[in-house]
Amino acid sequence: MSRQWSVQILLGLLVFAYGVHAIGQSTCVAFKTSRSTFPIVSNKKATSILLSPDEWPGVQRTAFDFAADIQRVTGVKPSLTNVSSSNVAVKSRSAIIVGTLGKSALIDQVVNRTKLDVSSIDGQWEAFIAKQVDNPLPGVDSAYVIIGADKRGTIFALYDHSEQFGVSPWYWWADVPVTKHSELFVASSGCSHGSPSVKYRGIFLNDEQPALQNWAAEKFTNGTGAPLTGSPFNHFFYTNLFELLLRLKANYLWPAIWSSAFDIDDTQNQALADWWGIAMGTSHQEPMMRGTPIEWNLFGHGDWNYTTNSQNIYNYWVDGAIRAKPFESIFTLGMRVPLSETTNINLLEKVVADQRQILTNVFNGTDITTIPQIWALYKEVQGYYEDGMRVPDDVTLLWSDDNWGNIRRFPTLSERNRTGGAGVYYHFDYVGDPRDYKWVTSTQISKTFEQMSLAIDREATRVWIVNVGDLKPYEMDTEFFITYGWNSTLWNPNNLDMFVSSWAQREFALSASQANEVVGILSNLTRFNARRKPELLNSTTYSLIHYREADTVLADWKSLSDASTRIYNSLSSAMKPAFFQLVHHPVQASYTLANMWISAGINNLRASQARLSTNDFADQVEQLFDQDYDLEVQYHQLLDGKWDHMMDQTHVMYYYWQQPMANTMPPITRVQPKKQALAGPMRIALEGTAGAWPGDNPNQCADGYNCPPPTLTLDSFAPFGSRFIDVSAGGPAPFSWTASTNASWLKLSQTKGNISPSAPEQRVFLSVDWSKVTGASTAQITFTATASNQPKSVQTVGFVANHTVVPDDFHGFVEGDGAVSIEAAHASRNTSVDGLTWIELPGIGRTVSGVTPWPRGGEDKNFTAGSGPSIEYDFFTFNTVDGSGNVTFTTLVSPSLNAFGPDRPLALAIQVDSQAPQTNYFIPSAPEGALPDAWDGLDGFVANSIVSVVTSFPAPPGAHTLKIWMVGPTVVVQKIVIDTGGVQSSYLGPPESIRV
């Protein structure tokens, strides 16, 4: 059993044993006493907390939170006392002793007196231990000792316990109620944690207007803002944020920038960050701990151009270094400059040299290789690196994703030897091409894990920073990112649901079954929003006529909404605000928007078909547009307006990449409800076509005039097993209708009905009794409408049933509707090579999941086509494309980039039966620092959240095997679509075929 699995199973057992829902921690808290526990609160008495006066101020402050957390949970407040090691006077025979190794004289005395073994944390970054010891100090018989290896080690130890006691890190930021207990104990063996997987783990507040900034202005400045900048982000705002970060075990922050200047907005900001224990930085475009654009506009002189204005910029940076010197900081080096590539490299080398000289001068006597520094290889800057620019080895190379969650580059083996290491700048929020996305959560944690696990494997672990926009509503995404960086060894592709389940139990005090329901809700919420960002939706994103795609999407959203509503209604009034913010609002808001867009599409389609129900869908769009705003208001009115403005972000009807200045209702139309359609009272619309009969319509046939009666076809392996026909009103005249068929094997779900303006359409499903059909058989359905004072309206529809059969000994997927569609996880078999095999990544992707070669590891193995691990799919076909003997294979792959260097492009190989494999390098090359052309645009692969890898093979009707071969690492295959001539246009592709 692997170490990851054994640790996770152990944690699960401990959580079960102690009833605690803490995440990613070794559990040491209990709510009942035993012979192996130490009391924190028992019989309404709290054990005293002792610290040393020489302890770090940040630890002293956190100890107040720790005591307050104990009171929040139990109602009993422990005393908190600074005790000198030379004069210990304790009224109780037991105590909780808190301190930092090598800083706290009290802790050093305990260690020396008890010979406590602290070797596991001594000198380690942010590590801690906690355990019961006997006779730690004169007059103290027993104590629970909490020791950090450094300042944050102690802080994290305290907050680790607080979370296990029952205080969520989000108790303020998402109003999660504290879980109450009258008795509180810790295991005598205590808790411990070594150094984290990632040294610096932080967030970037970005694109903070309109939501976060408007909210902060109302709550922290009464709308006035800072005198020079007008920014509301003062120390009252930031200290709330600092506490959240530390409770999450984050330690690093890029502050809000666009209308703000961290040190100018409030002169206490940076000092308090250091006091609390947060390392501050500045974003990828703000060098040397000084802001742009606001701070430069206030205090800079001349243009932001190092070619023409270097001295003024140099002086500006000197002041930033001096200002930051007393505090823990990570200095961003470099400069984003819009010049020619060659000039940029020469200029940037001078920029970095000057910045290093500034650090040498300001930190006189300090080895500047010990000062944390990063060079953000963001967008065009990565191109300078690839073209040969280098920075000193002690500077961390901060690689970036493409702003859409696909990391552009990982360290090569030779780059991993640099003393400064590497890190990753990641995004949950973005403003830019192909479109902004910053409204609600739209990132799958399975995708975050897939990408960041590569960063772990390739040792990009010095700094992780994630753009969280307004922070809300990315709460769970943010926590997972930080938690994974805190201890990556706990998480693997098969236990990510455990993270969400533990999170749901902690936040909402749910049962295990309810928590698992929340897992499904959030998994599908983020899947639905990730496969097409809400900001990218339009009225025809999902097919209105093929594969029942739009109907299925709406049904799935409704199921999600119903599940969320059911849990929401079951919760106490105290719990509802947290659930609304973290689950219910994003579900309801996303469902409303998707329903609005699809309903607008149906409205326009119905109008082209002269159907009276056009107007019902127009009404529905208007109602949903109002509902979208009502949900925003409901969020803003929570808890007497605590989160007013936090949902100010516009999100309906984008006109280009940038956010719209107002939400605008999707375009709708209406038919005249008082006037009869020219073709009569009855409209007949068939599944799979935009046409409608009787009368003329451009979608009926090539010229849209004098078209023959329509025909439906169905084969025995069609995924839905039926077809449908809509009988609709073509105007104000009510009518009754009948439907009959001349074939006994054709079954109609309804053979008569009544249509009126108040009930303007009915759907008839057609199915086949296949026991009565051999080969292909035809039938005719006759629809007859009878309306007062009008002649009867008659429309015939042809129907072809094709009873396809497969041999009894075949096992696999079978062609239906002219296609074979296979979810990649549903393989027939796979083969391993050199310990590598294809595994499922549960939850990732647009439909079900994905498969990828595993383990990945830090060594990038490549194979020639046909020599590596393979995954196989058996399938059976009845047709070929246009009778040519060829079949088209589309392998749908998760978006990614050639992140292992230009000489290591992503690739896979496709093989059918014993034919030669075809290797496909499916991510096009791009100039250094740029992205492939196929990446961009509203139909690019990041907007579509899929890459289509198309190959063609001869494949005559019959049984076949498709093999996908590993060529390079990290390819994630989601779905395979085999076109035998019948694949229709849709967003998600045909539904999965029947498997026998």
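Values in this document were obtained by computation on a predicted structure and should not be read as measured data. (Residues numbered from 1 in each chain as written. Predicted model: local features only at pLDDT ≥ 70, side-chain atom pairs only at ≥ 80, totals over all residues. Heavy atoms only, no water.)

This part takes up the overall build of the chain. When you go through the chain residue by residue, the secondary structure sums to 19 helices and 39 strands. A compact globule built from 996 residues would reach a C-alpha radius of gyration of about 30 Å, and the chain, at 32 Å, matches this within 12%. Its C-alpha atoms give the chain principal-axis dimensions of about 105 × 70 × 60 Å. When burial is assessed residue by residue, the chain has 61% of its 996 residues classed as buried. Long-range contacts, defined here as pairs at least 24 residues apart, represent 75% of the contacts in the chain between residues at least 6 apart. Summed over all atoms, the accessible surface of the chain reaches about 35,900 Å², with 51% contributed by carbon and sulfur. (Helix = DSSP H or I, 4+ residues; strand = E, 2+ residues; numbered from the N terminus. Rg over C-alpha atoms; globule rule 2.2 N^0.38 Å. Buried < 20%, exposed > 50% of the residue type's maximum accessible area, 1.4 Å probe, protein only. Contact = heavy atoms within 4.5 Å. Areas by Shrake-Rupley, 256 points an atom, 1.4 Å probe, with all protein chains shown as cover.)

Here the focus is helix 18 (residues 576-608). At His584, helix 18 shows its largest bend, some 50°, and a proline, Pro586, comes one to four positions later. One or two residues past the end of helix 18 sits Ala610, with phi positive at roughly 55°. (Bend = angle between axes of the 7 residues up to and from the residue.)

As a further point, take the packing of helix 2 (residues 57-74) against helix 4 (residues 151-165). The contact between helix 2 and helix 4 brings their axes to 10 Å, and the two run at 5°. Put simply, helix 2 runs roughly parallel to helix 4. When helix 2 is examined against helix 4, the residues Gly58, Val59, Arg61, Thr62, Ala63, Asp65, Phe66, Asp69, Ile70 and Val73 are found in contact with a partner set consisting of Lys151, Thr154, Ile155, Leu158, Tyr159, His161, Ser162 and Phe165. Residues that form the contact of helix 2 with helix 4 fall into these classes: nine nonpolar, five polar and four charged. (Axes fitted to C-alpha atoms, helices over the stretch in contact; angles between N-to-C directions. Parallel < 35°, antiparallel > 145°, perpendicular 65-115°, else oblique. Nonpolar A, V, L, I, M, F, W, Y, C, P; charged D, E, K, R; others polar.)

A contiguous nonpolar patch, built from Leu228, Leu298 and Phe299 and spanning about 260 Å² of accessible area, is present on the exposed surface. By secondary structure assignment, the location of Leu298 is in helix 9 (residues 294-299). (Patch = residues over 30% accessible without salt bridge, like charges linked within 9 Å, V, L, I, M, F, W, Y side chains within 5 Å. Salt bridge = Lys/Arg side-chain N within 4 Å of Asp/Glu carboxyl O.)

Below, the discussion takes up the sheet that holds strand 8 (residues 140-148). The six strands lie next to each other as 5-4-6-8-7-10, forming an open sheet whose pairing is mixed. Looking at strand neighbours, the two that pair on one side only are strand 5 (80-82) and strand 10 (192-193), the edges of this open sheet. Judged from the two bridges that link them, strand 7 (residues 128-137) and strand 10 form a sheet pairing that is antiparallel. The partner of Ile129 across the bridge, within strand 10, is Ser192. Packing against the sheet, helix 4 makes contact with strand 6 (94-100), strand 7 and strand 8, and its axis sits at approximately 115° to strand 8. (Pairing = 2+ DSSP bridges.)

What follows concerns the nonpolar core. Core analysis: the largest hydrophobic core is formed by 238 residues, its most contacted members being Phe237 and Leu241. Of all the elements, helix 18 adds the most residues to this core, at 15 residues. The residues contacting Leu241, other than those within four sequence positions of it, are Trp173, Ile203, Leu205, Leu253 and Leu471. (Core = buried A, V, L, I, M, F, W, Y, C linked by side-chain atoms within 4.5 Å.)

Omega for the peptide link from Asp433 to Pro434 comes to -10°, which places this bond in the cis form. Omega for the bond connecting Trp854 with Pro855 falls within 30 degrees of zero, at -5°, which places this linkage in the cis form. Mapped onto the fold, Pro855 is located in the loop between strand 32 (849-854) and strand 33 (870-877). The backbone of Lys44 sits at a positive phi, close to 65°, despite the residue not being glycine. With respect to the helices and strands, Lys44 occurs in the loop between strand 2 (37-42) and strand 3 (45-46). The backbone phi angle of Asn135 is positive, close to 50°, even though this residue is not glycine. Along the chain, Asn135 turns up in strand 7.

Across the chain, pLDDT averages 94, with 96% of residues at or above 70. When the criterion is pLDDT under 50, residues 1-20 qualifies, and its contacts beyond four places in sequence or with other chains add up to 32 contacts. (pLDDT = per-residue confidence, 0-100.)

In this section: the sheet that holds strand 25 (residues 761-768). Adjacent strands of a sheet pair through backbone hydrogen bonds, lying either parallel or antiparallel. In space, the four strands of this open sheet follow the order 19-21-25-23, with antiparallel pairing throughout. Each edge of the open sheet carries a strand with a single partner, namely strand 19 (682-686) and strand 23 (746-748). Here the average twist between neighbouring strands, direction ignored, is 25°.

Below, the discussion takes up the packing of aromatic side chains. The tally for this structure, following the rule as stated, stands at 62 aromatic pairs. Geometrically, the ring pair formed by Trp215 and Phe220 is edge-to-face, given 5.4 Å between the ring centres and 85° between the ring planes. Site record: aromatic cluster; members linked through ring pairs are Trp172, Trp173, Trp215, Phe220, Phe233, Phe237, Tyr238, Phe242, Phe262, Trp276 and Trp643. Over the ring of Trp125 we find Lys199, and its NZ or CZ is 4.4 Å from the ring centre. The ring centre of Phe724 lies 3.7 Å from the NZ or CZ of Arg763, which sits over that ring. (Phe/Tyr/Trp six-rings, centres within 6.5 Å; stacked < 30°, edge-to-face > 60°. Lys NZ or Arg CZ within 6 Å of the ring centre and 35° of its normal.)

Here His960 lies in strand 38 (residues 958-966). In terms of polar contacts, His960 uses its side chain to reach the side chain of Asp913, at 2.7 Å. In terms of polar contacts, His960 uses its side chain to reach the backbone carbonyl oxygen of Pro956, at 2.5 Å. Residues within four places of His960 in sequence aside, it is in contact with Tyr873, Asp874, Phe875, Thr877, Val912, Asp913 and Ala955. (Polar contact = N/O pair within 3.5 Å; in protein donor to acceptor, adjacent residues only side chain to side chain.)

The subject of this paragraph is the pattern of salt bridges. Summed over all chains, the structure comprises 41 salt bridges. Of the charged contacts in the structure, one is a salt bridge between Glu163 and Arg506, with a shortest N-O distance of 2.8 Å. Of this pair, Glu163 sits in helix 4 while Arg506 is found in helix 15 (residues 496-508), placing the two residues 343 residues apart along the sequence. Across the pair, exposure class does not vary: Glu163 and Arg506 are buried alike.

For strand 17 (residues 422-427), the tally of buried residues reaches six of six residues, placing the bulk of the element in the interior. The two faces of strand 17 match: Ala422, Val424 and Tyr426 on one face and Gly423, Tyr425 and His427 on the other face are all buried. In this structure, strand 16 (residues 396-400) lies alongside strand 17, joined through four bridges in parallel fashion. Opposite Ser400, over in strand 17, you have Tyr425 as the bridge partner.

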